[in-house]
Amino acid sequence: VHTTDFPGNYPGYEDAWDQRRFEEAFRVDVIREDGDSLEFDMVGIDAAIANAFRRILLAEVPTMAVEKVFVYNNTSIVQDEILAHRLGLIPIRADPRLFEYRNQGDQEGTEIDTLQFQLKIKCSRNPQAAKESSDPDELYFNHKVYSKHMTWVPLGNQTDLFPDADFRPVHDDILIALLRPGQEIDVLMHCVKGIGKDHAKFSPVATASYRLLPDITLLKPIEDEAAETLQKCFSPGVIEIQNIKGKKVARVANARLDTFSREVFRHEGLKNLVRLARVRNHYIFSVESTGILPPDVLVSEAIKILMGKCQRFLNELDSVPME
């Protein structure tokens, strides 16, 4: 999101920054939370802070992911390297706050820094299948390898450390490979703690984006046919038409829903009647989690990381000798 590229050179497209320059104190408003998706507003901050927060969500909130794959047997048509890559991208439902980062050069791993999963499956024919059948689901057993076939193998005393743990892939229906009779996969996986800055598989979010709050102003009353044309120029729900004294009058119902298509400027009779702007200190964030952690927890962790960065910077300033 390029917040600095403000298109103020468009006709009727003006900056709402001057009249709303940090008029409101900083606040966070949660607009919608639905499963793994969260939409919230950050009001009263600078673009640099908003972008830093987004980048932390993408690249610095840690998760657990498959780092090493020990292949004992793989007779499928999927090469070992491709299989390991596919396994690495499967999101693992394990709270990273329960684990430590693995030490550099440590090949084995311990119960405090490693989760171990096993995938062992073999395809065979179904002797009860009808002779005329051509459906693989009827002809074969275990011909589709899914993420649900990954099972947690406790390391050390992890059974005692996590008695109520349910470490597993976030989704059970992720297709890993297709097998045919006689083919099998037998691998052992080590999951470690990491961040998206090192590899995208550690990123805890599917998307994390923000946009500025739209500000739409009707400079003059727009009525009848012009009101209906105006309504069609914006996203559904942005403009509504009211019946006032027998006339259809347009009004801005919810500018938040606008996508800034600027379709209104294609109409000569309307382009000088509407002013489009953006509230420069009001950011609409959308966060979609991969399911490893709830989106509200991810936001909370991102804030903690940003606070930690600020504190380290202040400590550095305090350590510099003053002349």
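Note that this is a predicted model, so its numbers are computed, not measured.

**Focus: the layout of surface pockets**
(1) Moving on: Estimated volume of the largest pocket: approximately 270 Å³.
(2) Moving on: Among the secondary structure elements, those contributing two or more residues to the lining of the largest pocket are β3 (63–74) and β12 (184–194).
(3) Moving on: Per element, the largest residue contribution to the lining of the largest pocket is three residues, and it comes from β12.
(4) Moving on: For the lining of the largest pocket, the class distribution of residues is four nonpolar, six polar and six charged.

**Digging into the confidence of the model for the protein**
(1) Moving on: Residues of the protein with pLDDT of at least 70 account for 92%, and the chain-wide mean is 90.
(2) Moving on: Long-range and interchain partners of residues 1–14, a stretch whose pLDDT sits below 50, account for 27 contacts in this model, where long-range means more than four residues apart.

**Observations concerning the sheet that holds β3**
(1) Moving on: In space, the four strands of this open sheet follow the order β3-β12-β5-β9, with antiparallel pairing throughout. Of all strands in the sheet, those with a lone pairing partner are β3 and β9 (151–152), marking the two edges.
(2) Moving on: Sheet topology places strand β5 (residues 115–122) next to β9; two bridges connect them, and they run antiparallel. Within β9, the position partnered with phenylalanine 117 by the bridge is tryptophan 152.
(3) Moving on: Strands in contact with helix α2 (residues 80–88) are β3, β5 and β12; relative to β3, the strand with the most contacts, it is inclined by about 150°.

Conventions we followed
- Residues numbered from 1 in each chain as written.
- Predicted model: local features only at pLDDT ≥ 70, side-chain atom pairs only at ≥ 80, totals over all residues.
- Heavy atoms only, no water.
- 1 Å grid on protein atoms, 1.4 Å probe; cavity = no way out; pocket = protein on both sides within 12 Å on 5 of 7 lines; lining within 4 Å.
- Points joined across faces, edges and corners; volume = space filled by probe spheres on them.
- Helix = DSSP H or I, 4+ residues; strand = E, 2+ residues; numbered from the N terminus.
- Nonpolar A, V, L, I, M, F, W, Y, C, P; charged D, E, K, R; others polar.
- pLDDT = per-residue confidence, 0-100.
- Contact = heavy atoms within 4.5 Å.
- Pairing = 2+ DSSP bridges.
- Axes fitted to C-alpha atoms, helices over the stretch in contact; angles between N-to-C directions.

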